[in-house]
Amino acid sequence: MTHSTVETSDPVSPALQRLGPDIDLLHGGVCGLELIVRRAEELDDEGVRRALPFLGLIWLYATAMRDLLHTKRQDGSMLWNAPALAALCRPLQEAFLSLFYFAIENPLSEEGAFRQLLLARHTVYKRWDLLRRADQGNETVARECGAALADWDSTNQAVLGHPFMAKLAPKAAKDIANNGDKYILDPLDAVWERAGMSRELYDVIFRYLSQYAHATPYALSSLQYHQADTENGAVNMTVPVGLALACVTKALEYAGNLHPEIEALLPRAFHEFIGA
């Protein structure tokens with residue numbers, strides 16, 4: 001899915017023909033990623049530690065997609081569930097972006113430290129945000145919420161007082177200051193492109209997957225064309241499957257660059273597949 005300006009006249013094979021091989025490739029990628037995650041848990045390496053949470057998320061979502069793609073109906077045929085695939089693939093897409101942004105890309109030290117601080121702030125913000133919506137009449141919840149608020153206040157002040165804040169454009173600095181959910185500085189499609197994907201496809205794929213993750217009349221209208229074992233149905237299946245395969249493949253490649261012991265887990269066939 002890397003961007004290329006080379007035009008080709010080769011026709012795209014029917015989605016029905018692509019779906020089966022892509023599922024097999026995704027299965028292989030998921031199995032390989034599980035081995036890497038398990039090995040990474042044993043390594044004492046800072047870069048591996050930064051990547052491990054996101055590699056784990058990618059593995060979890062991709063595994064769920066893989067298992068769904070192997071689910072059979074009562075009549076023995078494959079269960080075609082495009083909405084469930086899309087709902088799983090959306091967070092997988094986000095996990096891949098975070099893997100690249102927080103664990104693979106190497107900005108200058110000051111920005112790198114600021115990124116990690118933003119990620120830590122986002123984590124404590126989400127904990128506080130969930131707890132403050134819970135029943136405050138429960139003493140345990142109220143106590144945990146108070147502690148989470150204190151963590152949020154201190155981490156937020158660390159972000160606002162960080163020297164890199166002064167180097168941000170005014171709008172970016174305002175967004176960071178006003179929104180605890182803001183934890184990636186750059187436009188997401190720009191990060192997507194730097195991670196080796198096609199920038200112009202980011203918004204298209206994001207919206208395509210999101211339409212199935214939200215209960216809207218448009219989603220229902222789109223699903224009227226989704227029927228098992230038809231070309232239109234296969235098209236709806238191949239988009240999340242293809243995206244998951246691309247994210248898992250790139251995640252394996254990046255993981256292999258983190259540590260020699262992880263790289264050793266990648267077979268020659270994988271390097272041939274990615275053209276390395």
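Note that the structure is predicted; figures quoted are calculated from it, not measured.

## What to know about the confidence of the model for the protein
Do not read the fine detail of predicted coordinates wherever pLDDT is low.
Working step 1: Of the residues in the protein, 96% reach a pLDDT of 70 or more, and the chain-wide mean stands at 92.
Working step 2: Note on residues 1-9: pLDDT is under 50 here. Beyond four places in sequence and across chains, it has eleven contacts.

## Some words on the packing of helix H2 (residues 46-69) against helix H3 (residues 82-104)
Working step 1: Close contact between H2 and H3 brings their axes to 9 Å; oriented N to C, the two are set at 160°. The angle between the axes of H2 and H3 places the two elements in the roughly antiparallel class. The two elements H2 and H3 meet at a crossing, and its hand is left-handed. Taking contact as the criterion, the partners of Arg50, Ala51, Phe54, Leu55, Leu57, Ile58, Tyr61, Ala62, Ala64, Met65, Leu68 and Leu69 in H2 are, on H3, Ala84, Leu85, Leu88, Cys89, Pro91, Leu92, Ala95, Phe96, Ser98, Leu99, Phe102 and Ala103.

## Here we look at the environment of Ala95
Working step 1: Locating Ala95 in the fold gives a position in helix H3.
Working step 2: It is 16 Å that separates the C-alpha atoms of Ala95 and Glu34, two residues lying 61 residues apart in sequence.

## A closer look at the packing of aromatic side chains
Working step 1: Taken as a whole, this structure holds 13 aromatic pairs when the rule is applied.
Working step 2: On the basis of an interplanar angle of 20° and a centroid distance of 6.0 Å, the ring pair of Phe54 and Phe102 is categorised as stacked. Here Phe54 is found in helix H2, whereas its partner Phe102 is found in helix H3, with 48 residues between them in sequence. Summarising the burial analysis for this pair, Phe54 and Phe102 share the class buried.
Working step 3: One cation-aromatic arrangement involves Arg115 over Tyr101; the distance from NZ or CZ to the ring centre is 3.8 Å.
Working step 4: The side chain of Arg132 reaches across the aromatic face of Trp128, ending 4.3 Å from its centre.

Conventions and cut-offs
Chains are numbered independently. Their residues run from 1 in the order of the written sequence. Per-residue local features of the predicted model are confined to residues with pLDDT of at least 70, and side-chain atom pairs are confined, for both listing and counting, to 80 or more; whole-chain, interface and lining totals are unaffected and use all residues. Side-chain figures throughout are based on the complete set of non-hydrogen atoms in the structure, without hydrogens or water. Residue-level confidence of the predictor is summarised by pLDDT, bounded by 0 at the bottom and 100 at the top. By the convention used here, residues are in contact when the closest approach between their heavy atoms is within 4.5 Å. Axis definition: a line fit to C-alpha positions, over the contact stretch in the case of helices; interaxial angles, taken between N-to-C directions, run 0 to 180 degrees. Put simply, DSSP H or I for four residues or longer makes a helix, DSSP E for two residues or longer makes a strand, and each gets a number counted from the N terminus. The scheme is simple: roughly parallel for angles under 35 degrees, roughly antiparallel for over 145, roughly perpendicular for 65 to 115, oblique for anything else. Two helices crossing with the near one rotated counterclockwise from the far one by less than a right angle form a left-handed crossing, whereas a clockwise rotation gives a right-handed crossing. Ring geometry is summarised as follows: Phe, Tyr and Trp rings, the Trp one being its six-membered ring, pair when their centres sit within 6.5 Å, and such pairs are stacked at plane angles under 30 degrees, edge-to-face over 60 and tilted between the two. Exposure is judged per residue with a 1.4 Å probe applied to protein chains only, and the accessible area is read against the type maximum: over 50% gives exposed, under 20% gives buried, and values in between give partly exposed. Note on criteria: charge over ring means Lys NZ or Arg CZ within 6 Å of the ring centre, with the direction from the centre no more than 35 degrees off the ring normal.

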